[in-house]
Amino acid sequence: MLKLRKYLKPFIASILAIIVLLFAQAMCELAMPDYMSNIVNVGITSGGIEDGVLEAVRESEYDKLKIFMDEKQQKVFTDNYELQTSSNADKGMKEKYPALEKENVYLLKDVDKDTREKVKLALSEAETCVMVLEQTQANLSSEDIANLTQEQKDMMYMLKKLPQGVDVFNVLKMMPKEQLADMQKEITKKSSLMGQDMMDSSNALYAKAEYKKVGMDTDAIQYRYLFTNGGLMLLVALGSAVAAICVGFLASKVAAGFSRNLRKDVFQKVENFSNVEFNKFSTNTLITRTTNDVQQVQMVMVMILRMVIYAPIIGIGALLKVINSNADMTWIIGLVVAVIIGIMATAFAFVLPKFRIQQKLMDKLNSVVRELLDGMPVIRAFNNQKIESQKFHKSNHDIMKTQLFVSRSMGFLLPIIMFVMNMSSILIVWVGSHQINDGVLMVGDMMAFIQYAMQIIMAFMMVTMMSIMIPRASVAAGRIKEVLDTEISICDPEKAENFDADKRGEIEFKNVSFRYPGAEEDVLHNLNFTAEAGKTTAFIGSTGSGKSTIVNLVPRFFDVTKGEILVDGVNIKHVSQKALRDKIGYVPQKGFLFSGTIATNLRYAKEDASEEDLKAASEIAQAMEFIDNKPEGFDTEIAQGGTNVSGGQRQRLSIARALVKKPEIFIFDDTFSALDFKTDAKLRKALNALCEETRSTVLMVAQRISSIMHADRIVVLDKGAIVGIGTHKELMETCDVYKEIAYSQLSKEELENE
Ligand SMILES: Nc1ncnc2c1ncn2[C@@H]1O[C@H](COP(=O)(O)OP(=O)(O)OP(=O)(O)O)[C@@H](O)[C@H]1O
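Only a predicted model underlies this, so the values are computations on that prediction, with no experimental measurement involved.

Conventions and cut-offs
Residues numbered from 1 in each chain as written. Predicted model: local features only at pLDDT ≥ 70, side-chain atom pairs only at ≥ 80, totals over all residues. Heavy atoms only, no water. Helix = DSSP H or I, 4+ residues; strand = E, 2+ residues; numbered from the N terminus. Expected span 1.5 Å × (residues − 1). Buried < 20%, exposed > 50% of the residue type's maximum accessible area, 1.4 Å probe, protein only. Arc of directions from axis to C-beta. Contact = heavy atoms within 4.5 Å. Core = buried A, V, L, I, M, F, W, Y, C linked by side-chain atoms within 4.5 Å. Phe/Tyr/Trp six-rings, centres within 6.5 Å; stacked < 30°, edge-to-face > 60°. Lys NZ or Arg CZ within 6 Å of the ring centre and 35° of its normal. 1 Å grid on protein atoms, 1.4 Å probe; cavity = no way out; pocket = protein on both sides within 12 Å on 5 of 7 lines; lining within 4 Å. Points joined across faces, edges and corners; volume = space filled by probe spheres on them. Nonpolar A, V, L, I, M, F, W, Y, C, P; charged D, E, K, R; others polar. Pairing = 2+ DSSP bridges. Axes fitted to C-alpha atoms, helices over the stretch in contact; angles between N-to-C directions. Domains from an automatic or database assignment. Near = heavy atom within 4 Å. Polar contact = N/O pair within 3.5 Å; in protein donor to acceptor, adjacent residues only side chain to side chain. Areas by Shrake-Rupley, 256 points an atom, 1.4 Å probe, with all protein chains shown as cover.

## So, helix H25 (residues 677–694)
The first and last C-alpha atoms of H25 sit 25 Å apart over 18 residues, in line with the 26 Å expected at 1.5 Å per residue. Turning to H25, its buried residues number three or more, namely Thr679, Asp680, Leu683, Arg684, Leu687, Leu690, Cys691 and Thr694. Down the axis of H25, the buried set is contained in an arc of 130°. They therefore lie on one face. Those residues of H25 that are exposed and angled more than 90 degrees off the buried face are Lys678, Lys685, Glu692 and Glu693. Along its buried surface, H25 packs onto helix H22 (611–620), helix H24 (647–661), strand S12 (665–669), strand S13 (697–701) and helix H26 (705–708). Of the residues trailing H25, Arg695 is marked for its positive phi of about 55°.

## Thoughts on the nonpolar core
One finds Leu4, Ile18, Phe258, Leu262, Met329, Ile340 and Ile428 to be the most contacted residues of the largest nonpolar core, which totals 71 residues. Listed by contribution, the elements that provide at least two residues to this core are helix H1 (12–45), helix H11 (218–271), helix H13 (283–308), helix H14 (310–324), helix H15 (330–374), helix H17 (385–437) and helix H18 (443–485). Among the elements that take part in this core, H18 stands out by supplying 18 residues, more than any other. Once residues lying within four places of it in the same chain are set aside, the contact partners of Leu262 are Leu4, Tyr7, Val294, Ile480 and Leu484.

## Structural notes on the packing of aromatic side chains
Scanning all chains against the criterion turns up 17 aromatic pairs. Consider the rings of Phe273 and Phe281, whose centres lie 5.8 Å apart with planes at 15°: the pair is stacked. Given the relative accessible area of 7%, Phe273 is considered buried. Ring centres of Phe668 and Phe672 lie 5.2 Å apart, and the angle between their planes is 40°; on these two criteria the pair is classed as tilted. The exposure class assigned to Phe668 is buried, which follows from its relative accessible area of 0%. An aromatic cluster is built from Tyr62, Phe77, Tyr81 and Tyr106, whose rings are joined through pairwise contacts. Across from the ring centre of Phe405, 5.1 Å away, lies the NZ or CZ of Lys354, which sits over that ring. In this structure, Lys583 is placed above the aromatic ring of Phe499, and the distance from its NZ or CZ to the ring centre is 4.5 Å.

## Observations concerning empty space enclosed by the protein
Applying the stated criterion to the full structure yields two cavities of 30 Å³ or more. Lining the largest cavity we find Leu553, Phe558, Asp559, Val560, Gly563, Glu564, Ile565, Asn571, Ile572 and Lys573. Here the residues of the lining of the largest cavity sort into five nonpolar, two polar and three charged. Roughly 40 Å³ of volume is contained in the second largest cavity. Residue lining of the second largest cavity: Asp670, Phe672, Ser673, Val701, Ala702, Gln703, Arg704 and Ser707, and that is the complete set.

## Details of the sheet that holds strand S8 (residues 570–571)
What the four strands build is an open sheet, ordered S5-S4-S7-S8; its pairing is antiparallel. The open sheet terminates on both sides in strands that have one partner only, identified here as strand S5 (524–531) and S8. Pairing geometry for strand S4 (residues 507–514) and strand S7 (residues 562–567), over five bridges, is antiparallel. Bridge pairing in S7 links Ile507 to Val567.

## Side note on the sheet that holds strand S2 (residues 81–84)
Strand pairs in the sheet, formed through backbone hydrogen bonds, run parallel or antiparallel to each other. Read from one edge of the open sheet, three strands run S1-S3-S2, paired in antiparallel fashion. Looking at strand neighbours, the two that pair on one side only are strand S1 (56–58) and S2, the edges of this open sheet. Between one strand axis and the next, the sheet turns through 25° on average, direction left out of account. Running over the sheet, helix H2 (residues 59–67) touches S1, S2 and strand S3 (105–108) and is turned about 85° from S1.

## A look at the layout of surface pockets
As a volume, the largest pocket reaches approximately 2200 Å³. Phe278, Phe557, Tyr586, Phe594 and Tyr604 are, among the 40 residues lining the largest pocket, the residues nearest its centre. Put simply, the parts of the chain that give the lining of the largest pocket at least two residues each are H11, helix H12 (275–280), H13, helix H20 (577–582), strand S9 (584–587) and H24. When grouped by side-chain class, the residues that make up the lining of the largest pocket number 18 nonpolar, 12 polar and 10 charged. Built from parts of two domains, the lining of the largest pocket gets at least three residues from each of domain 1 (2–9 + 257–484) and domain 3 (497–583 + 710–754).

## Points about the site of the ligand
Not every one of the 13 residues close to the ligand is listed here, only the nearest: Thr543, Lys547, Ser548, Thr549 and Gln703. Within the side chain of Gln589, an N or O atom sits 3.1 Å from an oxygen atom of the ligand. Protein contacts shield 62% of the accessible area of the ligand, which totals 630 Å² for the unbound molecule. Of all the elements, helix H19 (residues 547–553) adds the most residues to the shell around the ligand, at three residues. Class assignment for the residues of the shell around the ligand results in two nonpolar, 10 polar and one charged.

## Re the pairing of S3
Relative to S3, S1 is paired through three bridges, and the arrangement is antiparallel. Within the sheet, the bridge partner assigned to Val57 lies in S3 and is Tyr106.

Following this line, the structure appears as structure tokens:
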């Protein structure tokens, strides 16, 4: 994938935005369990009271607290609370704190966060002691006793020994200071084992009880907390959803733009391929690389942008949260992650090779289908449908088998992983409930732990999935890069020369030898001849003697292996391909038309050609008659590849297309063999007239001697070498190969009459 990183450059801003958004999304996701934990621990369990910092406390209750506070703590209290006497309190005050009707109440001043923390510390131990003692005094039922923490139980048994009706706190006030300090030490030692959150929660319960005694509306406090935190949680969830939507939007934009640019570059590269490169890559693979492979990379790109960045943020974030939490259960996460990695590794060890096989089988199925469809008329003609459909069924069956295996394995994998995840929740609840029972963990913390554990496991699963997807996409990226990195063998010279302006279409082959790339021997051997300007030079020879190869060298479809080809006195390698091809009107062996109309096809080389030009060219190419017969004439639609016209018509339109261009050089690569003798003769006559007018050079490959016998010059080829050059007459006298061809096609009389 990294091979194509330069295609991400235009999208850097979007990628950075995605990273920021993913970070925001992860932060929101990580905050959610905390909110939930607070709602459970504080909102539900502690009645919406966060800790033991009392907003209001009766003077009598403060007297009790004071017993367990040292001078420093008492100072913190008096500094931050003000006494509201019963006599001075107004109506509003009394409504808010009804206890003021009977006694004085201390009210917390408006303090900042740090001071509040100091107050909390100053009150914390004293509140624990008072609470334990009050509970003891309150003659608890056995059920209540069972719910007490161990230190509360110990204290309760000690104080229960006091005679009935004696106020514990009055007794304590009279106790020697050292004994009281010992007792306090004992209580705080035990309570310090609880952890801060538990302490806060326990003190919050004390505060709630005190608020009730003050007459405050504790339900309102609880609702306020629940609505505030619930609302914040909703906002965070909304933030996460918005970030996720934006990431999805941007990631799709980046991936789609990335693949558009990639397809454009691959296409541009392929457009510049010479036949050498086309021979290296088959058409099928080039199409697959431009479409399917790019699509694969695009798909994984979206996943990378959404998951690969998100998974580590959320995974590490959740892990840090878990490590910092009170729950001593991190080992459960380690265990579950190890089990999941084990399961996935085993599954992928079986499935991954099948993925690769699947890709190959898909290629095979494609090629079988392609061959079947292309060769359908032949298959029908030879009645071989059964054999061919067996071939298809085999490929089809093979692919079904592997797909079934892969789908079934994946079908197993997900439920197993879900089972492991559910088991991990149960294990966390099991271990967590023991810790809750021991007073070291709160229910909300355990619930948050479960959520963080799921986030960590999901992050691991995302990374594992990506580690499977990325290598697959990497193969596709490699195939695309191979096309992009292919060196084009036929390119323009750095400093292009110009053609000799005094010459017009003269072609000279000088010691030209040629070997197809990858072939073992030359197909053309040391050719030397000149095709004079304005004259017709024809090539004839047995099949495979190299006629088409010679004419394909002129427009530089291939470059000569040895020697040089000069057009108008300049080596064709020294001019630009455009300048060279501008001079040439090429008609291939197999006529090819583009989708559009007859007119758009004829104007292919000369967009501004007039209707008269089209008509004139069609007349020469003997195509006017069939065009006239079409109701829409030149506007007749042509299907892709010209499949809706006959082979002969296609060929005539291909010839007309070259004629419209009126080039300096015509190349007809065995063009006339698709035409009947009569049309062939008429066409050649009209063509000769045109060439005389335009003074164009004609290179003509032919199989039929009658097509070329009137040429100014005939080059006879045998096994890639020239065995004779001259006019028909000269060759009939001097060249045995020519004579042999001529006599095999025409009678002695026909030849002598010519
Ligand atoms: N792309 C190619 N790669 C390798 N060898 C090729 C390629 N094209 C043609 N050849 C070989 O080069 C030789 C000359 O082929 P060419 O097509 O030029 O012959 P030809 O005289 O035009 O034949 P025909 O009259 O049958 O069209 C043949 O032996 C052929 O097998």
